[in-house]
Amino acid sequence: MIKNISNLGDAAVYCDFGIEVNKSINSNVIKYFNSIKEKKFKGINNLTPSYNKLIISYDLKLTNFNEVKSYVESINVTDSITSISKKIEIPVCCHEMFSMDIKRVEEKLNLSREKILDNFLNKEYFCYMTGFIAGMPFLGDLDKNMRVQRLETPRVKVPKGSVALTEQFANIYTFESPGGWNVIGNTPIDVFDSSKEDKPNLINPGDTVIFKEITLDQYKNFNE
Amino acid sequence: MSNNYFDIIRSGINSTFQDKGREHLYHIGIPFSGAMDNRNYLMANKLVGNKLDSAVIEFAYQGPHLKYSGEKINFAVTGDVIFKIKKKHIEIEGNCYESYPIENGDEINIISTNKSVYGYLALGGEFDIKFQWNSCSINMKANIGANNGKKLDTGQRINLKKINSNKDIKKINYLNTKIENIRVIKGTNFDYFSEHGKKIFYEKEFVVSKLSDRMGMRLEGPKIENIVNTNIKSEGLIKGVIQVPADGNPIIMLSDHGTIGGYPKIGVVASVDYDRLVQMSPGSKIKFKEINLSDAETLFKLYEMETQNLLSQI
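In this text, all values refer to a predicted model and were calculated from it rather than measured experimentally.

K.L.:
How would you summarise the side chain of B:Asp273 if you had to cite specific residues and measurements?
P.N.:
All names here are of chain B. The residue Asp273 is located in the loop between strand 20 (265-269) and helix 3 (274-277) in this model. Using a relative accessible area of 0% as the deciding quantity, one classes Asp273 as buried. In contact with Asp273, not counting residues within four places along its chain, are Ile179, Asn181, Ile182 and Arg183.

K.L.:
Could you give an account of the interface of chain B and chain A, with specific residues and numbers?
P.N.:
Facing 37 residues of chain B, the contacting portion of chain A comprises 45 residues. Summed over both partners, the interface of chain B with chain A buries about 3400 Å², with 60% contributed by carbon and sulfur atoms. Counting every contact that joins chain B to chain A gives zero salt bridges. Here chain B and chain A share 13 residue pairs in polar contact (both at pLDDT 80 or more) between them. Of all the secondary-structure elements, those providing two or more residues to the side of chain B that touches chain A are strand 16 (235-236), strand 20 and helix 4 (293-313) of chain B. For the side of chain B that touches chain A, the element with the highest residue contribution is helix 4 of chain B, accounting for five residues. Within the side of chain B that touches chain A, the residues separate by chemical class into 19 nonpolar, 10 polar and eight charged.

K.L.:
Tell me about the state of the cysteines, and name the residues and values.
P.N.:
Note on terminology: disulfide describes a covalent bond linking the sulfur atoms of two cysteines. Residues and elements named next belong to chain A. Under the defined criterion, the tally for this structure stands at zero disulfides over all chains. With no disulfide of its own, Cys94 lies 6.7 Å from the sulfur of Cys93, the closest cysteine sulfur. Look at Cys94 and you get buried, because its relative accessible area is 1%.

K.L.:
Would you mind going over the sheet that holds strand 2 (residues 12-16) of chain A in detail, with residue names and values included?
P.N.:
Residues and elements named next belong to chain A. Strands sit in the order 1-2-4-3 across an open sheet of four strands; the sheet is antiparallel. Lying at the two open borders of the sheet, with one neighbouring strand each, are strand 1 (4-7) and strand 3 (44-49). Direction aside, the axes of adjacent strands within the sheet are offset by 15 degrees on average.

Parameters and conventions
- Residues numbered from 1 in each chain as written.
- Chains lettered and ligands numbered in written order.
- Predicted model: local features only at pLDDT ≥ 70, side-chain atom pairs only at ≥ 80, totals over all residues.
- Heavy atoms only, no water.
- Helix = DSSP H or I, 4+ residues; strand = E, 2+ residues; numbered from the N terminus.
- Buried < 20%, exposed > 50% of the residue type's maximum accessible area, 1.4 Å probe, protein only.
- Contact = heavy atoms within 4.5 Å.
- Buried area = accessible area lost by both parts, 1.4 Å probe.
- Salt bridge = Lys/Arg side-chain N within 4 Å of Asp/Glu carboxyl O.
- Polar contact = N/O pair within 3.5 Å; in protein donor to acceptor, adjacent residues only side chain to side chain.
- Nonpolar A, V, L, I, M, F, W, Y, C, P; charged D, E, K, R; others polar.
- Disulfide = S-S within 2.5 Å.
- Pairing = 2+ DSSP bridges.
- Axes fitted to C-alpha atoms, helices over the stretch in contact; angles between N-to-C directions.

Geometry only, nothing functional implied.
Following this line, the structure appears as structure tokens:
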């Protein structure tokens, strides 16, 4: 399932599962991620699964590339516990107060606002990975007619909670952060909560996400 | 209520609590963080008799000015740092790599780092601060760690919950060496760059930009030409990765980096040179030198032995 294993610097193993982005490749990445995480190999201090790669970082004081590589080649992923994936509903308000890039998306896609939101909301999304900033989920796949490029000039500040699109993916900004995705709405819920140390992420790789539209009033009353 | 505390008279530019950092959290988007210059961090703790993984105050360029209240304790500063100690009737110039006692009413004024970026202030005791995922390290991007994940601010008070009983003065002669070349291992997208671009990367000088912080170091210089694609499908990053975005200027990922990125990776800084890399201040000239994996591993082992040797002499 891993097409190629190489080194990323002197303290990480780079596992390449292919170049395409699809659920089947990503499920393999997640399987490896779960098995390695479960077994706790000496010196491995981080695992970063993404669409089609898995990066295994280790403490060079405790192990090295050859040891970790042999270990990865020897593990039997079929033994691994399958991750328990959840279905999560995310309330999103697409009021013009939040949907700052909807006009751009309308123009780029040549679709009406109603049609865009209709397409966006009536769909289940698969969480491929989380990261960049803490807890940010990368969700796919948007239909082919819904795919827009990043903003030409990224924003210095994208508000917390922003729900945004780029290419085949949607994401949620868990913190105010710089970013170049097309913002179409905002969720009032905390997708990342650092006070829950054992489970800070609401959405994890392998989970399914659906967005449910709420009105501005519902948004405002959400946390009361 | 604590009887031993510091009042921050001036916070400095970027003063944060740091320790050894966090592990096993990349997959949810949380980087290691931790002290940028690991060797100087460890030495600071050893000089005051702390456990090596204790919390310290890391500062960049200009450090904090603190006033102490409480029982006598020791402190030490490491790095290449200019600082003063103000006692009732005298003010003395402090030396790095030497511990000093301070008493009720004394002040520590960390004026600046000298042609470097980070310095460390360790106190013989334990700060009364919050830990998240076994680390106090402040990650300002996600507001994680001590002080609600924010840098220290003027006017704040920092309490100590414990002070060390052993108050021996310790000292070591140590000089932070500068290096001319940063050694790098070929990155996973090395072949995205033209022959000319690869040549530039290894032969030309780059300058550290002012837009550098705990997340990344931006470099300016001749543009590195990409002939394949200026984006890759987003994937994991580690500290030391050198990404080259479309504008051709390299960015080196540092301890608070985003965990996922979509720019091609031309190289990765060898672990042996990380501590010295982070100390290169804006305007410094930087040159890369290619090494292979096994040399990088051997050099790191030697560097680590040297660190352990230094610690054993304190």
